[in-house]
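Results of the structural survey
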Amino acid sequence: MNNEVSVTAVHPDIERVLVTEEQLRKRNADLGAMISHDYTDREVLVVGVLKGAAWFVSDLTRHMTCDFTVDYMAVSSYGAAHKSSGVVRILKDLEVPLEGRHVLIAEDILDTGLTLKYLIRNFLGRGAASVEVAACVVKEGAQEEEVDVKYEGFVLPNEFVVGYGLDYAQRYRGLPYIGVLRPSVYEGE
Ligand code: PRP
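Residues numbered from 1 in each chain as written. Predicted model: local features only at pLDDT ≥ 70, side-chain atom pairs only at ≥ 80, totals over all residues. Heavy atoms only, no water.

Concerning the sheet that holds strand S1 (residues 14-19)
The line we're drawing: Two strands are said to pair when DSSP picks up at least two bridges between them. Secondary structure is summarised from DSSP: a helix means a run of H or I of at least four residues, a strand means a run of E of at least two, and numbering begins at the N terminus for each.
Sheet architecture is open: 3 strands sit in the order S1-S9-S8, paired in antiparallel fashion. The two strands at the open ends of the sheet, each matched to only one other strand, are S1 and strand S8 (161-162). With 2 bridges connecting them, S8 and strand S9 (residues 178-181) associate as antiparallel partners. Bridged to Val162 within S9 is Gly179.

Right under this line is the structure:
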């Protein structure tokens, strides 16, 4: 077997890498430790927002030592385009009731804030005892709705980013880093 460390080539559609695989690993470890500290005395329900947050939830929870369970919700706000439609639709709901539960929403990205604003209000309406947010990426200056992100991964410039769960027309989610998509990929859509 070849034990040489392989260097992943950057995808040709990526203009530049903003967050490396190593930076993601370290930040997830830090956030996992912070969350574990904050929830030592109560079980937390981690709600991943599909599809984009699947990668973040998977890595983050591996660094959590507190008691937790995981559920997923699927909502859509973008469709196939790269701009928010402003419409939040529930495509898949939670499997567990939220009454009295401490909820941590895990999102891949906070962009306009419409999705998280909607989810927080929705979860409190279902009787959650508390609702906090962990977001891997917060886009700088893009928020139309104010959302309190307690566990923030990276604040990135307001550009079109993909990778680590983030897509363009369902592509690029598997890239192990977060990078800026070349405009030529989506121009003329
Ligand atoms: C993306 C992302 C967030 C939302 C954030 O989801 O995963 O859920 O947009 O945008 P906002 O702050 O402007 O509401 P998307 O609808 O693209 O679905 P996906 O997770 O399946 O890619």
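Looking at the site of the ligand
In plain terms, the rule: Nearness here has a simple test: a residue counts as near a molecule or strand if at least one of its heavy atoms is within 4 Å of that partner. Any pair of nitrogen or oxygen atoms within 3.5 Å is treated as a polar contact; in protein, a donor-acceptor pairing is required on top of that, and neighbouring residues in sequence qualify only through side-chain atoms on both sides. Per-residue accessibility takes into account occlusion by the displayed protein chains alone, with areas from the Shrake-Rupley method and a 1.4 Å probe. Amino acids outside the nonpolar list (Ala, Val, Leu, Ile, Met, Phe, Trp, Tyr, Cys, Pro) and the charged list (Asp, Glu, Lys, Arg) are all regarded as polar, and Gly is one of them.
Taken together, 17 residues form the shell around the ligand, and within it Glu107, Asp108, Thr112, Gly113 and Thr115 come nearest. In the model, an oxygen atom of the ligand is placed 2.9 Å from a nitrogen or oxygen of the Asp111 main chain. Between the ligand and Asp167 there is a distance of 3.0 Å, counted from an oxygen atom to a side-chain nitrogen or oxygen. Coverage of the ligand by the protein chains reaches 94% of its 500 Å² of free accessible surface. Elements supplying a minimum of two residues to the shell around the ligand: strand S5 (102-110) and helix H3 (114-125). Of the residues forming the shell around the ligand, the biggest block, 4 residues, is contributed by S5. Of the residues that constitute the shell around the ligand, the class distribution is 5 nonpolar, 6 polar and 6 charged.

Points about unusual backbone geometry
Rule in force here: Exposure classes here rest on a 1.4 Å probe applied to the protein chains alone. A residue is buried below 20% of its type maximum, exposed above 50%, and partly exposed in between.
The omega torsion across Leu50 and Lys51 is -5°, close enough to zero to call that bond cis. Considering the arrangement of structural elements, one finds Lys51 in the loop between strand S2 (44-50) and helix H2 (54-61). The residue Tyr164 is not glycine, and still its phi comes out positive at about 50°. With respect to the helices and strands, the residue Tyr164 is situated in the loop between S8 and S9. You can call Tyr164 buried: its relative accessible area is 6%. Unusually for a residue other than glycine, Tyr172 sits at a positive phi of about 75°.

Section: the side chain of Asn122
When you line up the elements, Asn122 lands in helix H3. One polar contact links Asn122 to Arg126, side chain to side chain, over a distance of 2.7 Å.

A closer look at the pattern of salt bridges
Filter applied, for reference: Any Lys or Arg side-chain nitrogen located within 4 Å of an Asp or Glu carboxyl oxygen qualifies as a salt bridge.
Under the counting rule described, the total for this entry stands at 14 salt bridges. Lys92 is the salt-bridge partner of Glu95, the closest N and O atoms lying 4.0 Å from each other. A relative accessible area of 67% means that Glu95 is categorised as exposed. Counted as one network, the salt bridges with shared partners bring together Glu15, Arg16 and Glu159.

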